[in-house]
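Listed here are the chains, written in short residue letters.
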Protein chains: 2
Amino acid sequence: MGQLDLFADEAQLEQAIRALAGSSDAYLKFLSPNDLGLTGSHQAGIYLSRESAPLFLEGKTVEKGENVEREVRIRFRGGNVAARFVWYGKAKSECRLTRILPLFRPDPARLEGSLFILAAVPDDRPDSLFENDSLFQCWIIESEDEIRAVLDFLGITPAETNQRLRFDLNERLLPEFERLNASVNEFPSGGEIARRSQSVYERLYGTLEEGVDDMLLRLIEIEYSLFRYFERKHYQPLIEEGFQRIDDFLSLSLEIHNRRKSRAGNSLEIHLKYVFDRSRIACAHGVITSDQRRPDFLFPSLDAYESYRVRHREAENNVSSSDAEGVFFLAAKTTCKDRWRQILTEAPGVNRRYLFTLQQAISKAQLDEMSDEGVTVVMPESYRRKFDAQNRGRIMSLAEFIEKLRQSGCESHDSAGLFG
Amino acid sequence: MGQLDLFADEAQLEQAIRALAGSSDAYLKFLSPNDLGLTGSHQAGIYLSRESAPLFLEGKTVEKGENVEREVRIRFRGGNVAARFVWYGKAKSECRLTRILPLFRPDPARLEGSLFILAAVPDDRPDSLFENDSLFQCWIIESEDEIRAVLDFLGITPAETNQRLRFDLNERLLPEFERLNASVNEFPSGGEIARRSQSVYERLYGTLEEGVDDMLLRLIEIEYSLFRYFERKHYQPLIEEGFQRIDDFLSLSLEIHNRRKSRAGNSLEIHLKYVFDRSRIACAHGVITSDQRRPDFLFPSLDAYESYRVRHREAENNVSSSDAEGVFFLAAKTTCKDRWRQILTEAPGVNRRYLFTLQQAISKAQLDEMSDEGVTVVMPESYRRKFDAQNRGRIMSLAEFIEKLRQSGCESHDSAGLFG
């Protein structure tokens, strides 16, 4: 029994979002068993991407062959943890944040697949209390709704996590963007930006012949930069000008926020469709089935799915599996921590469901549940590679999934292909 | 079967919010059976408050004794409806929006308790296509989550609906606010603003001896104005100045939005507590029970509730009802369209649950369900009065509820009272 404070301190989610918005440097990562010290490996601490090392080891030279350390103070849930960034240059050339086990108590395993947020506290802030220590703040966000709120606020997908959060633009892409911008009067729709990203991809990387997994990630990367570019072009003058009414101010913020959310939520499907087309895979995308379901992708076609269902009903379930019949359903979700169950009612009748996701860590417990429900996770190979051997075997790369489709006869009938 | 547009037109909720933010004049109302033409009464159309008539009959004099009409075009779900504002000065001195039955198709009864939003489209907008007609836009929001999103965005409770939406400040209150502001350095917390509103109430209306129902509504009205006043004092300079970074812009908007949401969500309880204290009713507010529930209000005390529960368990349910035992539970929810069921698990053991709400229309179907579940609605008398006779009998005013508490021995033991 106790007394509640009705106007309790600002919730941790809102704190995290505002700190991210105000921070010059931040890092987001989905926590893996290795990060959480659950694999019994020698290395302890949260693994950080190599390119982010300069952020964490500020002012120290990072070289192969030697270890470099930096003491930091990390604020977490109102308390402080004395932690240490370590550059392991001797053995592996990797960067980790160590001595942070207190953050994971009492149950590290529960945090697998949660979003870890690390933000540098700017020096000029009044809450920078520690003159001799560098100060960071961190949060661990467990619920998918809250994870999505963070990603939506920043306008990013999980593909932009596991690296230093970039608010600047990719210099290489800038000339392409300037060229596109010349023909733009109003803010392009999400679909328009996705398609323009594809044409930038074709011009810059079209001859590269890279695999479909890398292609997809690069499309998302270009699109994120292009979106940021248009956002700045379009809104910078408006926000610099200032506002007379608070409601006008809030209305514009809602518009910007909704654009970010929409782009982060919808572009994955558009790029997947592009990759399937380029790979000459036949599919139905964004269709409504005869029983009013809306599966993201059906292979090879809606007709094939519908007639499989008819056969299935007539034979009173005595038909072979949908995989064996050459009918496939793929759902696309940027994150899938809690919402993966939603796909269980999509595309009724199939025995196996494929779920493409950009979430870079999924707990073993969740993979077990997914297996039990006949769900196979598909993700970019570079993400899949980070899982331990046992779980890696249960996940398909996009290339593997496309190969499976091809072997099952889902090739496009248009023999020239869309890009032939 | 058909093709989905992934980036469909902006959702109607977001459209409505942005139009409200940009509109100089707007009106929000929870739809009653009478508004929807379900009562078979002679008058047809949506009843609008008398003080709002000038908004709708712009440029026309409204007087008792004559009827005045104005043709308007109302945009609704992409189409247009030719409607008519009518001032019925001959019989009743009331204002209605008529000829809008098409808005309610196909099932008017389903819309009882939904939020109707009417916003004037500013003349200088490019979408003001009708040179000779005046143009309004309207929306009907059915889900409580979406209704709350609208109210939260505006920072209002249902007490600020059913009237012209005021963005200006109450002139009478301004000197009081200026006096309070002199002692304020940072933005006051929600609880602080609520308490300051109470002291303004005491100075301006303390000798008025008005009933508890009017007292509560006036407290909310003062608080809304005071909140808006602080908001303007505090944020106007910041938004006028403009922003260099989109993320700083979004971060500030999040802060303002969260303040609005918090004030709209939490102040009702604080004002109810004030009214109970002033009425010398003993209650426990914001406590946690021994089984970890968080009922908003228990009468006369947490101890009384806990020992009622023990008696109840020991007698294996063979005790008289909680009402008869003089133990009461009241929940406070500004809106209650879908969420009223949440209170069914609060304060386990009581046979009757009281729900105080500011929602100004509740469907008959919902009142039936609430009756079945042992829930009694309590609301300000001026709202209750608008229900038809049959449903009015199932709703208590705040004065009636307090009288019931008093007769059941829930008076405060402090004989002097808090304001004695």
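Residues numbered from 1 in each chain as written. Chains lettered and ligands numbered in written order. Predicted model: local features only at pLDDT ≥ 70, side-chain atom pairs only at ≥ 80, totals over all residues. Heavy atoms only, no water.

## Some points on the relation of the copies chain B and chain A
Using the following cut-off: When the copies are overlaid, the least-squares fit takes in C-alpha atoms only where the residue has pLDDT of at least 70 in both copies. Any pair of residues with heavy atoms lying within 4.5 Å of one another is described as a contacting pair.
For these two chains of identical sequence, chain B goes onto chain A by a turn of 179° and a shift of 0.1 Å along the axis, with RMSD 0.0 Å. Taken together, these values place the two copies in the relation of a two-fold axis. Using C-alpha coordinates, one finds that chain B approaches the rotation axis most closely at G242 of chain B, a distance of 1.8 Å. In this assembly the copies share their binding face: 100% of the residues contributing to the interface of chain B also contribute to that of chain A.

## Overview of the interface of chain B and chain A
Defined as follows: In short, buried area is how much 1.4 Å probe accessible area vanishes from two parts on joining, totalled over both. The salt bridge criterion pairs a side-chain nitrogen of Lys or Arg with a carboxyl oxygen of Asp or Glu, the two atoms within 4 Å. Within 3.5 Å is the distance limit for a polar contact, defined as a pair of N or O atoms, with the added protein rule that one can donate a hydrogen and the other accept it, and that residues adjacent in sequence qualify only through two side-chain atoms. Each helix is a run of H or I in the DSSP string that is no shorter than four residues. Each strand is a run of E no shorter than two, and both are numbered from the N terminus. Amino acid classes used here: Ala, Val, Leu, Ile, Met, Phe, Trp, Tyr, Cys and Pro are nonpolar; Asp, Glu, Lys and Arg are charged; the rest, including Gly, are polar.
Contact residues are listed per partner, giving 57 residues for chain B and 57 residues for chain A. At the boundary of chain B with chain A, total buried surface from both sides reaches about 4,800 Å², with 63% on carbon and sulfur atoms. R18 of chain B is the partner of E255 of chain A in a salt bridge, and the nearest nitrogen-oxygen pair spans 2.9 Å. Viewed at the interface, chain A and chain B are joined by 13 residue pairs in polar contact (both at pLDDT 80 or more). At the level of secondary structure, the elements contributing two or more residues to the side of chain B that touches chain A comprise α1 (12-22), α3 (144-154), α5 (190-205), α6 (212-241), α7 (246-278) and α8 (302-314) of chain B. The element that contributes the greatest number of residues to the side of chain B that touches chain A is α7 of chain B, accounting for 19 residues. A per-class count over the side of chain B that touches chain A returns 22 nonpolar, 20 polar and 15 charged.

## Brief notes about the sheet that holds strand β13 (residues 375-379) of chain B
Residue and element names in this part refer to chain B. Filter applied, for reference: Strands qualify as paired when DSSP identifies two bridges or more between them. Where helices are involved, their axes are fitted lines through C-alpha atoms of the stretch in contact, as for all axes, and angles between N-to-C directions lie from 0 to 180°.
Strand order in this open sheet of six strands is β9-β10-β11-β12-β13-β14, and the pairing throughout is mixed. The open sheet has two free edges, formed respectively by β9 (284-285) and β14 (395-397), since each of these has just one partner strand. Bridge count for β9 against strand β10 (residues 297-299) is two bridges, and the pairing is antiparallel. In the sheet register, A284 faces β10, and the bridge partner there is L298. The strands that helix α9 (residues 364-372) touches are β12 (353-357), β13 and β14; relative to β13, the one it contacts most, it runs at about 125°.

## A word on helix α12 (residues 398-407) of chain A
Residue and element names in this part refer to chain A. Threshold: Each residue gets one of three labels from its accessible area relative to the maximum for its type: buried under 20%, exposed over 50%, partly exposed in between, using a 1.4 Å probe on protein chains only. This arc corresponds to the set of directions leading from the helix axis out to the C-beta atoms.
L398, F401, I402 and L405 are the residues of α12 that are buried. All buried residues of α12 lie within an arc of 95° about the axis, which places them on one face of the element. The positive-phi residue at the C-terminal boundary of α12 is G409, with phi of around 85°.

## Quick look at the packing of aromatic side chains
We count it as follows: Stacked, tilted and edge-to-face pairs are distinguished by plane angle, under 30 degrees for stacked and over 60 for edge-to-face with tilted covering the rest, among Phe, Tyr and Trp rings (Trp via its six-membered ring) whose centres lie within 6.5 Å.
Evaluation of the coordinates by the stated rule reveals 33 aromatic pairs over all chains. Seen in terms of ring centroids, F297 of chain A and F299 of chain A are 6.3 Å apart; in terms of plane orientation they differ by 15°. Their pairing is stacked. For the residue pair F297 of chain A and F299 of chain A, the accessibility class agrees, reading buried in each case. Seen in terms of ring centroids, F328 of chain B and Y354 of chain B are 6.1 Å apart; in terms of plane orientation they differ by 55°. Their pairing is tilted. With F328 of chain B in strand β11 (residues 328-333) and Y354 of chain B in strand β12, this residue pair connects regions lying 26 residues apart in the sequence. You'll find F328 of chain B and Y354 of chain B in the same group, each marked buried.

## A short note on the packing of α6 of chain B against α7 of chain B
Residues and elements named next belong to chain B. Put simply, the rule is: What sets the label is the angle itself: under 35 degrees gives roughly parallel, over 145 gives roughly antiparallel, 65 to 115 gives roughly perpendicular, and the rest give oblique. Each crossing gets its hand from how the near helix is turned against the far one by less than a right angle, where anticlockwise is left-handed and clockwise is right-handed.
Relative orientation of the contacting elements α6 and α7 amounts to 155°, with a least axis distance of 10 Å. By the criterion of interaxial angle, the relationship of α6 to α7 is roughly antiparallel. When you trace α6 past α7, the crossing you get is right-handed. Per-class residue counts for the contact of α6 with α7 are 16 nonpolar, two polar and eight charged.

## Examining empty space enclosed by the protein
Applicable threshold: Think of a 1 Å grid over the protein atoms and nothing else: a 1.4 Å probe that fits but is trapped marks a cavity, an open set flanked by protein within 12 Å on at least five of seven lines marks a pocket, and residues with an atom within 4 Å of a point count as lining. Grid points are joined across faces, edges and corners, and a volume is the space filled by probe spheres set on the points.
Per the counting criterion, the structure on display carries three cavities of 30 Å³ or more. Its volume calculated, the largest cavity comes out at about 50 Å³. In this structure, the largest cavity is lined by R148, L151, D152, I156, T157, P158, A264, G265 and T334 of chain A. The set of elements that each furnish at least two residues to the lining of the largest cavity consists of α3 (144-154) and α7 (246-278) of chain A. Per-element tally for the lining of the largest cavity: the top contributor is α3 of chain A, with three residues. Counted by class, the lining of the largest cavity contains four nonpolar, three polar and two charged residues. The space that makes up the second largest cavity amounts to roughly 40 Å³. Lining the second largest cavity, in full, are R148, L151, D152, I156, A264, G265, T334 and T335 of chain B. Secondary structure elements with two or more residues in the lining of the second largest cavity: α3 and α7 of chain B. Element by element, the count of residues in the lining of the second largest cavity is highest for α3 of chain B, at three residues.

## What to know about the confidence of the model for chain A
The criterion, for reference: Looking at any residue, its pLDDT shows the predictor's confidence there, from 0 to 100.
This prediction gives chain A a mean pLDDT of 85; 89% of its residues lie at or above 70. Confidence drops under pLDDT 50 across residues 124-132 of chain A; counting only partners more than four residues distant or on other chains, this segment forms twelve contacts.

## Re the sheet that holds strand β13 (residues 375-379) of chain A
All names here are of chain A. Across the sheet, six strands lie side by side as β9-β10-β11-β12-β13-β14; this open sheet has mixed pairing. Pairing within the sheet leaves two strands with one partner each, and these edge strands are β9 (284-285) and β14 (395-397). As judged from the three bridges shared by strand β10 (residues 297-299) and strand β11 (residues 328-333), these two strands associate in the antiparallel manner. Within the sheet, the bridge partner assigned to L298 lies in β11 and is F329. Contacts from helix α9 (residues 364-372) reach β12 (353-357), β13 and β14 within the one sheet, and its direction differs from that of β13 by about 125°.

## What to know about the pattern of salt bridges
Close approach of charged atoms allows side chains with opposite charge to pair. Taken as a whole, this structure holds 63 salt bridges over all chains when the rule is applied. In this structure, R218 of chain A and E210 of chain A form a salt bridge, with 3.0 Å as the shortest nitrogen-oxygen distance. Relative accessible area serves as the criterion here: at 17%, E210 of chain A is assigned to the buried category. The salt bridge involving E192 of chain B is made with R196 of chain B; its shortest N-O contact spans 3.1 Å. Of this pair, E192 of chain B and R196 of chain B both sit in helix α5, four residues apart, which is roughly one turn of the helix. By relative accessible area, which is 28% here, E192 of chain B ends up partly exposed. By relative accessible area, which is 15% here, R196 of chain B ends up buried.

## Focus: helix α4 (residues 174-181) of chain B
Residues that lie three or four places apart on an α-helix share one face, since the helix turns once every 3.6 residues. All names here are of chain B. Turning to α4, its buried residues number three or more, namely E176, F177, L180 and N181. Across the axial projection of α4, the buried residues extend over an arc of 135°, all falling on one side. Residues of α4 that are buried sit in contact with α5 and α6.

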